[in-house]
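Listed here are the chains, written in short residue letters.
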Amino acid sequence: MPKVIIPQKNMTLDVEVGSNLMQVLLQAGLPVASSCDGDGICSMCRMKISGDVNPPELYEMDSLKRNKCEEGDRLSCQISITQDITVHTKYW
Ligand code: FES
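Note that residues are indexed from 1 along each chain, following the sequence as it is written. The predicted origin of the model limits local features to residues at a pLDDT of at least 70 and limits the giving and counting of side-chain atom pairs to 80 or more, whereas totals for whole chains, interfaces and linings rest on all residues. Only hydrogens and water are removed before side-chain values are computed, so all heavy atoms of the structure are retained for them.

Caption draft 1: Structural context of the nonpolar core. Remark: nonpolar core denotes a set of buried residues (Ala, Val, Leu, Ile, Met, Phe, Trp, Tyr, Cys) joined through side-chain atoms within 4.5 Å. To sort residues, take the accessible area from a 1.4 Å probe on protein chains only and compare it with the maximum for the residue type: under 20% means buried, over 50% means exposed, and anything in between is partly exposed. Among the nonpolar cores identified, the biggest contains 22 residues, and Val4, Ile6, Leu21, Leu25, Met47, Ile81 and Val87 are the most heavily contacted of them. Counting from the N terminus, the helices are DSSP H or I runs at least four residues long and the strands are E runs at least two residues long. Listed by contribution, the elements that provide at least two residues to this core are β1 (3-6), α1 (21-27), β4 (46-50) and β7 (85-88). Note on contacts: a residue pair qualifies if any of its non-hydrogen atoms lie within 4.5 Å across the two residues. If near-sequence neighbours (up to four positions away) are discounted, isoleucine 81 is found in contact with Pro2, Val4, Val15, Glu16, Val17, Gly18, Ser19, Asn20, Leu21 and Val24.

What follows is the structure, encoded as structure tokens:
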């Protein structure tokens, strides 16, 4: 069972393989910025993620670029968790 480690909140979550990162965080009571409800459009849910995750699809890369995200940002709504990861975001 992979873990999502959130140092800023001193939290570690055990999650099912294939869980969506944004949904896991919301279910844990953490706020995740969004105006597209997880459709990969707004880029507000962007985070820095350490650990292996699915590579970004073309539309995620387009969204990150269009919304002028920083190098290394990923959209939490597009992340499927398969291994332990550590996440950071500016607004926590
Ligand atoms: S919630 Fe909008 S891109 Fe992830």
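Caption draft 2: Local environment of the environment of valine 24. As for its position among the elements, valine 24 is in helix α1. Considered as a pair, valine 24 and cysteine 77 are 53 residues apart in the sequence and their alpha carbons are 9.8 Å apart. When near neighbours in sequence (up to four residues on either side) are disregarded, valine 24 contacts Val4, Leu13, Val15, Ser19 and Ile81.

Caption draft 3: Broad picture of the side chain of serine 19. Along the polypeptide, serine 19 turns up in strand β3 (residues 19-20). By the criterion applied in these results, polar contacts are pairs of N or O atoms within 3.5 Å in which, for protein atoms, one can donate a hydrogen and the other can accept it, and in which residues neighboring in sequence qualify only through two side-chain atoms. Among the polar contacts made by the side chain of serine 19, one reaches the main-chain carbonyl oxygen of glutamate 16 at a distance of 2.6 Å. When residues no more than four places from it in sequence are discounted, the contact partners of serine 19 are Val24, Ile79, Ser80 and Ile81.

Caption draft 4: Region of the structure containing the sheet that holds strand β5 (residues 73-75). Between any two strands, pairing holds if DSSP finds at least two bridges. Ordered by their spatial adjacency, 5 strands build an open sheet running β2-β1-β7-β4-β5, and the pairing between neighbours is mixed. Two strands bound the open sheet, and with one partner strand each, they are β2 (11-14) and β5. Neighbour-to-neighbour, the strand axes of the sheet open up by a mean angle of 35 degrees, direction not taken into account. As defined by bridge partners, β4 adjoins β7 across 3 bridges and the pair is classed as antiparallel. Bridge pairing in β7 links lysine 48 to histidine 88. As a rule, the C-alpha atoms of each element are fitted with a line to give its axis, helices using only the stretch in contact, and angles between N-to-C directions run from 0 to 180 degrees.

Caption draft 5: Spotlight on the pairing of β2. Note: β1 against β2, 4 bridges, orientation antiparallel. What sits directly across from isoleucine 6, in β2, is methionine 11. Turn length for the β1-β2 hairpin, with the two strands adjacent in sequence and antiparallel, is 4 residues, and the turn residue asparagine 10 shows positive phi of about 50 degrees.

Caption draft 6: Spatial organisation of the pattern of salt bridges. What makes a salt bridge here is a side-chain nitrogen of Lys or Arg within 4 Å of a carboxyl oxygen of Asp or Glu, nothing more. On inspection of all chains with the given rule, the structure shows 6 salt bridges. For glutamate 70, the salt bridge is made with lysine 90, and the minimal N-O distance between the two is 2.4 Å. On the criterion of sequence distance, the pair formed by glutamate 70 in the loop between α2 (58-66) and β5 and lysine 90 in the segment after β7 is long-range, its members being 20 residues apart. Residue glutamate 70 is classed as partly exposed on the basis of its relative accessible area of 40%. What you see here is one network of salt bridges that share partners, running through Arg46, Lys48, Glu70, Asp73 and Lys90.

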